[in-house]
Amino acid sequence: MNVESHREGTNLVLKAEGRVDGTNATEFQDAMKSEIVDSDRAVILDLENLTYISSAGLRVVLLIAKDLQRQGAKMAACTLSEPVKEVFVISGFDKIIPIHDSQDAAIGSIS
Amino acid sequence: MPEAFKILVVDDEPDLEPLVLQRMRRRIRSGQYSFVFAQNGVEALDRLREEENIDMVISDINMPQMDGLTLLEQIPKVDPNVRSIIISAYGDMKNIRTAMNRGAFDFVTKPLDFDDLQITIDRTLAHLVEWREALSSRDRLVSLENELNVASKIQQSILPTQFPYGNDFSVFASMEPAKEVGGDFYDVINLGRGRIGLAIADVSDKGVPAALFMMSSRTLLKGSAIGNYEPGDVLKEVNDLLCEGNDAMMFVTLLYAIYDTNTGTLTYANGGHTAPYVRRADGSVIPLAFTGGVAMGVMEDLEYSQDSFQVAPGDTVFFYSDGVSEAMNENGEEFGVERMAEVLANTPAGSPEEVNNVMFESVRAFAGETPQSDDITCLTLCRS
């Protein structure tokens, strides 16, 4: 698991890679949290290279989304791999964190 | 302030006692050390038995009745956590080696250099403190493991093992828990008037928090199920209750269905769980229509839409948790829903217990030696 970040204008893009499960969910949380600053208003999760996410990992994504909501920021996810997309759709979390086919679409939806 | 470390000094020379008390007076006054004295090994062992909280022993080697090397061998029998320093003649490597082999932590040489002695005492005590912390962590770990075992047993004990059946239907459910306590559960609730509530659920993550969240989910579901005849209303109510104070963002995926034994109608709503599969009498296998609800506990005021399915004679409805579909084999491949559907297709309708057993057997055969990382739960309804 690895998280890289860059900024597109005022938007923060977090690119997660690899597998997230119960064994590294806390690490995943810390990695994302360390990139987010209080002034962020739009965060895009680019999950193109995330191959697997367990329920423990989903919980972390929800926690981050809740933190962002508190600071008045929005979150969207984009370019999900098939298995990860399936997890988002079945759990219904695509209704909490909208998913998009491209980074641009995700940025356009929340910025 | 922490209690002073109690140090037992063993030497047959009577001069040592006043000397130690005088040279260590600062440490004694500040409450860091306290001393007790003995003249030989036998007396030293008596002191160790009488005074319960001696932390370390400083002993001479040559003494009447019982010498220091013999004393070293005896100390662990009285208290294995006491640390010892030996006082030897300068350059007496033979005795020093013997002392170290018998478990002495360190040594000082004669004539005593009290600065050196103080450093040696401090180092020994620092080691002792760490040792005790390690011991207590180990004890905590053991008790934590016990706690997890208890949680696992409770989880198992609340799952029903008796299931309703009638002239043309029967139900069976079972769970195979993973080693680490998880959060799957199922429930089969008699709602009266020929209606049966069927639930399957999976709590996010593992461990004690998941087990606790699972318990409250299960209790809330049961309470709500008894008062409501619409699965969508049940999920809405349970979701709102679970959301209260859930800062940890735990969640549970929960599928709840009501089977009407009078009509064979299965009405269901889904809070983020995998949809059940149906094996028709002709051997074809289809998933129940996706109703698209959100997993429960994370967002309030959600509606849960419901759908219904007419269970025909010869149909098997198979509810499962992702422990089935995501079971891994040695090559890191998942069992997957295709294999699961194939097993269902090849298992003749009739006995729900048989369907579950065949499914568990197939998953086990597929996984081989790969340890089970998630709870595996199956709930099956057969109509004949």
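Residues numbered from 1 in each chain as written. Chains lettered and ligands numbered in written order. Predicted model: local features only at pLDDT ≥ 70, side-chain atom pairs only at ≥ 80, totals over all residues.

Asker: Looking at this structure, how should I read unusual backbone geometry?
Answerer: The bulk of non-glycine residues show a negative phi, and the bulk of peptide bonds are trans. Residues and elements named next belong to chain B. For the peptide bond that leads from Lys110 to Pro111, omega is -10°, which places it in the cis range. The topology assignment puts Pro111 in the loop between β5 (106–110) and α6 (114–157). Of note in the backbone geometry, Met249 takes a positive phi value of approximately 55° without being a glycine. With respect to the helices, strands and loops of the structure, Met249 is situated in the loop between α8 (231–243) and β9 (252–260). Residue classification places Met249 among the partly exposed positions, given that 18 C-beta atoms sit within 10 Å. Of note, Asp301 is a non-glycine position whose phi angle comes to about 60°, a positive value. Take Asp301: it is sitting in the loop between β12 (285–287) and β13 (306–310). What makes Asp301 exposed here is the crowd of 8 C-beta atoms within 10 Å. (Helix = DSSP H or I, 4+ residues; strand = E, 2+ residues; numbered from the N terminus. Buried ≥ 20, exposed ≤ 12 C-beta atoms within 10 Å, placed from the backbone.)

Asker: For this particular structure, what's the right way to read the interface of chain A and chain B?
Answerer: Put simply, an interface is often sized by how much accessible area is lost when its parts join up. Listed by partner, the interface residues are 14 residues for chain A and 15 residues for chain B. Every element with two or more residues in the side of chain A that touches chain B is listed here: α2 (55–70) and α3 (82–91) of chain A. No other element matches α2 of chain A, which puts seven residues into the side of chain A that touches chain B. Tallied by class, residues from the side of chain A that touches chain B come to seven nonpolar, four polar and three charged. (Contact = placed C-beta atoms within 7 Å. Nonpolar A, V, L, I, M, F, W, Y, C, P; charged D, E, K, R; others polar.)

Asker: Explanation requested: the sheet that holds strand β1 (residues 2–8) of chain A in the structure shown.
Answerer: Pairing between the strands of a sheet is mediated by backbone hydrogen bonds and can be parallel or antiparallel. All names here are of chain A. Pairing is mixed in the open sheet, where five strands are placed in the order β1-β2-β3-β4-β5. The open sheet has two edge strands with one neighbour each: β1 and β5 (99–100). Note that strand β2 (residues 11–20) and strand β3 (residues 42–53) share eight bridges and pair parallel. Counterpart to Leu12 in the pairing with β3 is Val43. The sheet strands contacting helix α4 (residues 103–110) are β1, β2, β3, β4 (74–78) and β5, and the helix crosses β4 at an angle near 160°. (Pairing = 2+ DSSP bridges. Axes fitted to C-alpha atoms, helices over the stretch in contact; angles between N-to-C directions.)

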